[in-house]
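Survey of secondary and tertiary structure
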Amino acid sequence: MNEDLDEKFDDFLQQNNEFYEDCDNEFEPMDELCEEENALSIFEPRDEISKTNMNTFEPWEYECKKNNSDKKHHQSSSIERFINKFKIITNIYHGKYKGMCAYCNLDNKFLHTIDFHHSDPSIKEITWKNRRNKDWKETMELFEKEKVIPMCGNCHSREQADLFNSYREIIIKKNLFEKSAYQIDKLIHDKIKDHEAQYNRNIKFRIVEWLKKRSVIEQLYDGKCVGCNKITVENNLPALQFHHRSERKEVENKFKWHKIKKYDIKTISKELIKEDCVCLCANCHKTVHFKNFKLSDISILGNDYKREVDNYKYGIQQNIQKFELKLTAVNNPLGKGYGYGEAWKKYLLHISKLSTEGKRIKTLNIAKSVGVNSRNVRKNILILLNKGFIRIDGENNNRTIYLTKKGREESNKM
Ligand SMILES: [Zn+2]
Ligand SMILES: [Zn+2]
Ligand SMILES: [Zn+2]
């Protein structure tokens, strides 16, 4: 029977192959993005880094910006770009935004955090990246035509986090982590159950990633930006990112940020501690990586500008340095009750639930109900079968899984 089951699962996996591929790519919906650009950085991102920079709206900041190129050359062109940006931001729509973020009216010293956001992506044709070295007036006119508005990094992160915004209610629900893993699971399931199955599983993965990010920041960083203490999990989770305290580590930065979100909360926390990372909001992060120019280079901004930015940056850096990264035990609220090698318990509970609901139980229903990696369905069904908690009747496409008496008793114990 086990061999048969294996075949069945192979079919299942094959049918769902598309889903797997989706999973790997789902976190990079580049097309929807506005350009993310830190004009004052002297760091010209290398190709692969500029790719990851476009994902700052995602739960995890992948990599800090690095400098591997000729400083002098880039410094002069980045000063030019910064001044172009300054002129556009102060003059666009007849000076309507006065050089500030269109959403939060953040003051002038945050100019380096300002991005250009296409408020209507359907008419987006030009990008700041392609226009930043060109005539600013022309760029500004094009931006006005395409309804581009200036937005600080924090507001921009939130604005672009579509999935987060759709499920914000669950993701930052008060006292969520006081519930059991099963209750949290059910809460998500109930919220998304009306979507199509394929879509549904993708969504669940992504909601869980946001929950992991929230939990890690709450447990390691008191739930807020270490730099300004103002941006919190509650008021802007999408804007929170991770920054290496040690510049050396940041440059070496071997840790792959795009993989971190796949891990469980304890592993993520361990890595963040090992890498000596702190949590910063997008604006603070841009500020610590922001390379100040000589006053004479940016005199157009006025004398106070440089002093204010320097003071602000100094404050953030002080907070970062004195922050104590706690090495205390980290909880895993999403996995409570399922230790290593105990994932079958979760499957047993789902099968028991489906059975109580009077549903016919097939592997597909289980995958749908659990809503996570379908590869594990196979493994865990075999475990449950071997433990005698389930039996499987029928042939080929007509197989049904039944909870045995023993299985029912076990699930009741949980
Ligand atoms: Zn803002
Ligand atoms: Zn901050
Ligand atoms: Zn950084």
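Presented here is a report on the structure given in the accompanying data block. (Residues numbered from 1 in each chain as written. Chains lettered and ligands numbered in written order. Predicted model: local features only at pLDDT ≥ 70, side-chain atom pairs only at ≥ 80, totals over all residues. Heavy atoms only, no water.)

Some words on the nonpolar core
The biggest cluster of nonpolar side chains holds 45 residues, and the ones touching the most others in it are Ile171, Ile207, Tyr221, Leu237, Leu240 and Leu272. Listed in part, the 25 residues of the second largest apolar core include Ile89, Ile92, Phe290 and Tyr305. (Core = buried A, V, L, I, M, F, W, Y, C linked by side-chain atoms within 4.5 Å. Buried < 20%, exposed > 50% of the residue type's maximum accessible area, 1.4 Å probe, protein only.)

Section: the packing of aromatic side chains
One pass over the full model with this rule turns up 10 aromatic pairs. When the ring of Trp128 is compared with that of Phe143, the centres are 6.4 Å apart and the planes differ by 40°; the resulting orientation is tilted. One end of the pair, Trp128, is in helix H5 (residues 128-131); the other, Phe143, is in helix H6 (residues 136-145), with 15 residues separating them in the sequence. Taken as a pair, Trp128 and Phe143 share a single burial class, namely buried. Ring pairing ties together the aromatic residues Phe116, Trp128 and Phe143, which thus form one cluster. Taking NZ or CZ as reference, Lys387 lies 4.6 Å from the ring centre of Trp344, over its face. (Phe/Tyr/Trp six-rings, centres within 6.5 Å; stacked < 30°, edge-to-face > 60°. Helix = DSSP H or I, 4+ residues; strand = E, 2+ residues; numbered from the N terminus. Lys NZ or Arg CZ within 6 Å of the ring centre and 35° of its normal.)

Considering helix H18 (residues 343-356)
Its 14 residues give H18 an end-to-end C-alpha distance of 20 Å, which sits within 8% of 20 Å, the value for a rise of 1.5 Å per residue. Within H18, 11 of the 14 residues are buried, which leaves it mostly tucked inside the rest of the structure. Taken together, the buried positions of H18 are Trp344, Lys345, Lys346, Tyr347, Leu348, Leu349, His350, Ile351, Ser352, Lys353 and Leu354. Positive backbone phi, at 75°, marks Gly358, one or two positions downstream of H18. (Expected span 1.5 Å × (residues − 1).)

Regarding the coordination of the zinc ion (ligand 2)
Looking at the zinc ion (ligand 2), one finds its protein donor set to be Cys225 (SG), Cys228 (SG), Cys281 (SG) and Cys284 (SG), positioned 2.3 Å from the metal centre. Between the four donor atoms coordinating the zinc ion (ligand 2), the angles at the centre fall across 102 to 121°, so the site counts as tetrahedral. Positions of the donor residues of the zinc ion (ligand 2) along the chain correspond to the pattern C-x2-C-x52-C-x2-C. Comparing Cys281 with Cys284, the two get one shared label, buried. (Donors = N, O, S within 2.8 Å, 3.2 Å for Na, K, Ca; no water. Tetrahedral: all angles 85-135°; square planar, octahedral: opposite > 155°, others 65-115°.)

Some words on unusual backbone geometry
Positive phi, normally seen in glycine, also occurs at Lys98, with a value near 50°. Summarising the element assignment, Lys98 is placed in the loop between helix H4 (71-95) and strand S1 (114-118). Residue classification places Lys98 among the exposed residues on the basis of a relative accessible area of 57%. Non-glycine residue Lys147 carries a positive phi angle of around 55°. With relative accessibility at 44%, the residue Lys147 sits in the partly exposed group.

A short note on the pattern of salt bridges
All told, the structure shown has 13 salt bridges when counted by the stated rule. The salt bridge partner of Arg245 is Asp276, with a shortest N-O separation of 3.0 Å. Of this pair, Arg245 sits in the loop between strand S3 (240-244) and helix H13 (247-252) while Asp276 sits in the loop between helix H15 (265-274) and strand S4 (277-281), placing them 31 residues apart in sequence. Overall, the relative accessible area of 17% leaves Arg245 in the buried class. Put simply, Arg391 and Asp393 hold a salt bridge, and the shortest N to O gap is 2.6 Å. (Salt bridge = Lys/Arg side-chain N within 4 Å of Asp/Glu carboxyl O.)

Describing the pairing of strand S2 (residues 148-152)
Two faces make up the sheet, and in a regular strand the side chains alternate between them. Of all five residues making up S2, five are buried, and the element is well covered by its neighbours. A two-sided burial pattern is seen for S2, the buried positions comprising Val148, Pro150 and Cys152 on one face and Ile149 and Met151 on the other. Pairing of S1 with S2, which is carried by five bridges, proceeds in the antiparallel orientation. Bridge pairing in S2 places His118 opposite Val148. (Pairing = 2+ DSSP bridges.)

Some remarks on the pairing of S4
For S4, a buried count of five out of five residues is recorded, marking the element as mostly surrounded by other parts of the structure. Side chains Cys277, Cys279 and Cys281 of S4 all project onto a buried face; the interleaved residues Val278 and Leu280 project onto the opposite face, where all are buried too. Relative to S4, S3 runs antiparallel, the two being bridged by five bridges. Across the sheet, the residue bridging to Phe242 is Cys279, located in S4.

Brief notes about the packing of H18 against helix H19 (residues 363-370)
At a closest axis distance of 10 Å, the pairing of H18 and H19 adopts a crossing angle of 110°. By the criterion of interaxial angle, the relationship of H18 to H19 is roughly perpendicular. Judged by the sense of rotation from one axis to the other, the crossing of H18 with H19 is right-handed. Where H18 abuts H19, its residues Lys346, Tyr347, His350, Ile351, Lys353 and Leu354 lie against Asn365, Ile366, Ser369 and Val370. Among the residues forming the contact of H18 with H19, the class breakdown is five nonpolar, three polar and two charged. (Axes fitted to C-alpha atoms, helices over the stretch in contact; angles between N-to-C directions. Parallel < 35°, antiparallel > 145°, perpendicular 65-115°, else oblique. Left-handed = near helix turned anticlockwise from the far one by under 90°. Contact = heavy atoms within 4.5 Å. Nonpolar A, V, L, I, M, F, W, Y, C, P; charged D, E, K, R; others polar.)

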